[in-house]
Amino acid sequence: MYADVGDILTAEYITEYLGVATVETNTLLELAKNKFENMGYSVYFTDAKYTYQNARMTVQPNELMIAVKEI
């Protein structure tokens, strides 16, 4: 379920695989953020800028949240 480096939650994933309505998305993202942070991930939301492996990255508009864990 989790990738080695990070996981990306897209609107399509949330709707299709988790069956969550748009109205519930913010609650789901907050719960996911807490879970990922408790597991040692750094969490970023749409349009946030972050550094990964010395590269400057941006969370894309179709990505609601990305969790990155350096290994």
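Rules used throughout
Note that residues are indexed from 1 along each chain, following the sequence as it is written. Reporting of local features is limited, given that this is a predicted model, to residues whose pLDDT is at least 70; pairs of side-chain atoms are given and counted only at 80 or more, and all residues count toward the totals for whole chains, interfaces and linings. The basis for every side-chain value is the complete set of heavy atoms in the structure, and neither hydrogens nor water enter the calculation. Note on ring pairs: Phe, Tyr and Trp rings are taken, using the six-membered ring of Trp, and paired if centres are within 6.5 Å. Classes follow the plane angle, with under 30 degrees stacked, over 60 edge-to-face and the rest tilted. Buried means the residue's accessible area, taken with a 1.4 Å probe over protein chains only, is under 20% of the maximum for its type, while exposed means over 50%, and partly exposed covers the values in between. In this text, helices come from DSSP runs of H or I with a minimum length of four residues, and strands from runs of E with a minimum of two, each type numbered from the N-terminal end. We define a nonpolar core as any set of buried Ala, Val, Leu, Ile, Met, Phe, Trp, Tyr and Cys residues linked to one another through side-chain atoms lying within 4.5 Å.

1. Notes on the packing of aromatic side chains
Ring pairs (aromatic) are described by centroid distance and by the angle formed between their planes. Enumeration over the complete set of coordinates arrives at two aromatic pairs. Here the aromatic rings of F36 and Y41 are separated by 5.1 Å at their centres, their planes lie at 65 degrees, and the arrangement is edge-to-face. An identical accessibility class is assigned to F36 and Y41; each is buried. Where Y44 meets Y50, the ring centres are 4.7 Å apart and the plane angle is 15 degrees; that geometry is what we call stacked. Accessibility expressed as a relative area gives 22% for Y44, which makes it partly exposed. For Y50, a relative accessible area of 6% gives the class buried.

2. Here we look at the environment of Y52
Checked against the element boundaries, Y52 lands in strand β3 (residues 49-52). C-alpha separation for the pair Y52 and E70, spaced 18 residues apart in sequence, amounts to 8.0 Å.

3. A closer look at the nonpolar core
Ranked by size, the top nonpolar core spans seven residues in total: L29, A32, F36, Y41, V43, M65 and A67. At three residues, the largest contribution of residues to this core is made by helix α2 (residues 25-38). Counting five residues, the second largest nonpolar core, distinct from the first, contains Y50, Y52, V59 and V68.

4. Some remarks on unusual backbone geometry
As a rule of thumb, non-glycine residues mostly have phi less than zero, and peptide bonds are mostly trans rather than cis. Positioned with a positive phi, Q53 is a non-glycine residue whose angle comes to about 50 degrees. Tracing the backbone through its elements, the reader meets Q53 in the loop between β3 and β4 (55-58). The backbone phi angle of N54 is positive, close to 60 degrees, even though this residue is not glycine. In this structure, N54 sits in the loop between β3 and β4.

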